[in-house]
Amino acid sequence: MSYTCPKCGSDNITTHRNIFEGGTSDINTTTRGGGLGGGSGGIVGGLIGASTTGKSQTKAALKYSPPSKAVGAVWGAIIFSVILFLLLFNGAPGTISLITFAIVAGCIFYYNHHKKNVYAPKYAEWELMWHCNRCGTDFKI
Ligand SMILES: [Zn+2]
């Protein structure tokens, strides 16, 4: 691997995919350093330290996670619920099936549109993203 960080020139870099999949532990170095305070607090300190590390790994995984495919479906569901709510309190029964069909078609269209125009490009970009373990810069290769 001949890639280097564009900011500091370090070759200690890793992909966002790697971070997300837990392929590195270096990401946590800044949140450590509490140490085992010694004496009777040692065990408690150790437990807190362990949970802090676990949490920050989750946070890192979250920060570097791939884009969500579900967003389109979630928006579709929200729009669907709102319109259904309006229908139930305002409804003209004769047109409900037609409107329901339109809503479902709208949700499917929105989901596909989101997947193709928002999710796919974002995912492609995410796959090219790298993180520098030395200076913390995120960059695209
Ligand atoms: Zn760097």
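Residues numbered from 1 in each chain as written. Predicted model: local features only at pLDDT ≥ 70, side-chain atom pairs only at ≥ 80, totals over all residues.

J.: Explain the overall build of the protein here, please?
T.: Within the protein one finds four helices and three strands. Sequence-ordered secondary structure for the protein, helices as α and strands as β, is β-α-α-α-α-β-β. For the protein, buried positions account for 9% of its 141 residues. (Helix = DSSP H or I, 4+ residues; strand = E, 2+ residues; numbered from the N terminus. Buried ≥ 20, exposed ≤ 12 C-beta atoms within 10 Å, placed from the backbone.)

J.: Before we go on, may I ask you to explain the environment of Tyr111 in this structure?
T.: Note on placement: Tyr111 falls in helix α4 (residues 96–126). Residue Tyr111 is classed as buried on the basis of its C-beta count, with 20 C-beta atoms lying within 10 Å. When the C-alpha positions of Tyr111 and Val74 are compared, they lie 8.7 Å apart, and in sequence the two are 37 residues distant.

J.: Sorry, what's going on with the environment of Asp11 here?
T.: Here Asp11 is to be found in the segment before β1 (13–15). Given 12 C-beta atoms within 10 Å, Asp11 falls into the exposed group. Once the C-alpha coordinates of Asp11 and Cys132 are considered, the two residues, 121 residues apart in sequence, prove to be 7.9 Å apart.

J.: Sorry if this is basic, but what is going on with the sheet that holds strand β3 (residues 138–140) here?
T.: Strand pairing in a sheet takes place through backbone hydrogen bonds and is either antiparallel or parallel in direction. Taking strand neighbours across the sheet as the criterion, the three strands line up as β1-β2-β3 in an open arrangement whose pairing is antiparallel. Every interior strand has two partners, whereas the edge strands, β1 and β3, have only one. Shown here is a sheet whose adjacent strand axes are inclined to one another by a mean of 35°, direction ignored. Here strand β2 (residues 129–132) runs beside β3; their pairing, made up of three bridges, is antiparallel. Looking across to β3, one finds that Met129 is bridged to Lys140. (Pairing = 2+ DSSP bridges. Axes fitted to C-alpha atoms, helices over the stretch in contact; angles between N-to-C directions.)

J.: What is the right way to read the environment of Phe20 from this model?
T.: By the secondary structure assignment, Phe20 is in helix α1 (residues 16–20). On the neighbour-count criterion, Phe20 (17 C-beta atoms within 10 Å) is partly exposed. On a C-alpha basis, the gap between Phe20 and Lys63 in space is 8.0 Å, while along the polypeptide they are 43 residues apart. Look past the residues within four positions of Phe20 in its chain and what remains in contact with it is Ala61, Tyr64, Ser65 and Pro66. (Contact = placed C-beta atoms within 7 Å.)

J.: Looking at this structure, how should I read the confidence of the model for the protein?
T.: The predicted coordinates should not be examined in detail at positions where pLDDT is low. Within the protein, residue pLDDT values average 72, and 62% of them lie at 70 or more. A low-confidence stretch, residues 24–52 (pLDDT under 50), is modelled with 19 contacts involving residues beyond four sequence positions or located in other chains. (pLDDT = per-residue confidence, 0-100.)

J.: Mind showing me how you'd approach the pairing of β2 here?
T.: Looking along a regular strand, one sees side chains alternate from face to face of the sheet. Taken together, the three bridges between β1 and β2 define a ladder with antiparallel strand orientation. Paired with Ile13 across the strands is Cys132, a residue of β2. What sits between the antiparallel neighbours β2 and β3 is a turn of five residues, in which Gly136 has the positive phi angle 85°.

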